Amino acid sequence: MSRRALAVMALVGLAGLASPQFYGYKDPPVPGQSRVAAQSKTADVRVDQKLESFVPLDAEFRDELGMKVKLGDYFVDKPVLLLPVFYKCPGICEAELMNLVESLKGFNKDFVGKDFLVVTVGIDPSETPELASQKKDTLVALYQGNRTKREERLMTERGWHFLTGDMTQIRKVTDAIGFRFTYDASNGNITHPAALVVLTPQGKISRYFLDVQYPQRLLLNSIKDAGKGQVGTREEQPFFLSCIQVDPLTGQRSLNILNTLKTLGVVTILGMVVAMAVWNRQAKRRPEERTDS
């Protein structure tokens, strides 16, 4: 195969990767789910990192018990992990929460409630404290587990909070942290990015994690730095993650991981080009080897 043919194949593959949206397989319709995905580019879904900015401590919510609280109630003397999700999210929210639990469980001497707090802010104004309470029960049970030092892990009850509120208060928080998401009040459709924000005890933004994976050592160091009032570095995210959602009529799932697909596609194409080039070179050598023998 000639070099020109290889170049044409690469260009065709790259052009295919330029499409704005990837649509995956189709499942049967899922009754009751109205979270229809939107294209990330047109929906303006992203995270604008605002290091050193402060979250609005006067933002008002209800906790998992239905009690009125202010965001500032959780900023006293410990760093805070702030995670914006919605509790019925069928996509990356679940991955964010589960992976966060796994990372936090790996800390040997630092525990939720004792050394830092976690505040989960619901971004769907239709969700209730009852739903937040169910989510808390599930995650606290997973976090506590059956390990030693269980008494320290029980402090999670007082250290991990699940909030719900109206859209005005939700936007106060999400705008402050640069968390850009879309919400359609007419049908409840939500499209949102993935983001975990590390905050100082005073409510200053110290660091972002813009993925669903939280390396234990990096996360722990970020928490400790925030506890000292230090601001970390900007998170350089190589690709964009957005919420997976399901069309209730078609069952079609759209996965807004555009740049992930582009990156993997480019790597795949380059790998194919290299493999073909090696094969072509070997094919040319074989007649020469037979002639020499």
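One can find the structure itself at the top, above this paragraph.
Residues numbered from 1 in each chain as written. Predicted model: local features only at pLDDT ≥ 70, side-chain atom pairs only at ≥ 80, totals over all residues. Heavy atoms only, no water.

A. Quick look at the overall build of the protein. Summing up its helical and strand segments, the protein has nine helices and 14 strands in all. Residues classed as buried in the protein amount to 44% of the 293 residues present. A separation of at least 24 residues holds for 76% of the contacts in the protein among residues at least 6 apart in sequence. Element-wise, carbon and sulfur atoms account for 55% of the exposed surface of the protein, whose accessible area totals about 14,900 Å². (Helix = DSSP H or I, 4+ residues; strand = E, 2+ residues; numbered from the N terminus. Buried < 20%, exposed > 50% of the residue type's maximum accessible area, 1.4 Å probe, protein only. Contact = heavy atoms within 4.5 Å. Areas by Shrake-Rupley, 256 points an atom, 1.4 Å probe, with all protein chains shown as cover.)

B. Quick look at the packing of helix α3 (residues 92-105) against helix α4 (residues 129-144). With their axes 9 Å apart at the nearest point, α3 and α4 run at an angle of 30 degrees to one another. Taken as axis vectors, α3 and α4 run roughly parallel relative to one another. In terms of crossing hand, the pair formed by α3 and α4 is right-handed. Contacts between α3 and α4 involve Glu94, Leu97, Met98, Val101, Leu104 and Lys105 on the former and, on the latter, Lys135, Leu139, Leu142 and Tyr143. (Axes fitted to C-alpha atoms, helices over the stretch in contact; angles between N-to-C directions. Parallel < 35°, antiparallel > 145°, perpendicular 65-115°, else oblique. Left-handed = near helix turned anticlockwise from the far one by under 90°.)

C. Examining the pairing of strand β12 (residues 205-209) more closely. For β12, a buried count of five out of five residues is recorded, marking the element as mostly surrounded by other parts of the structure. If you look at the hairpin formed by strand β11 (residues 196-199) and β12, you'll find five residues sitting between the two strands, and glycine 203 has a positive phi there, around 90 degrees. (Pairing = 2+ DSSP bridges.)

D. Spatial organisation of the pattern of salt bridges. Applying the stated criterion to the full structure yields 11 salt bridges. Of the charged contacts in the structure, one is a salt bridge between glutamate 94 and lysine 135, with a shortest N-O distance of 3.1 Å. A residue pair is termed long-range when its members are at least 10 positions apart, and glutamate 94 in helix α3 and lysine 135 in helix α4 qualify at 41 residues. The exposure class assigned to glutamate 94 is partly exposed, which follows from its relative accessible area of 30%. Three or more residues are tied together by salt bridges with common partners; here these are Arg46, Asp48, Asp175 and Arg180. (Salt bridge = Lys/Arg side-chain N within 4 Å of Asp/Glu carboxyl O.)

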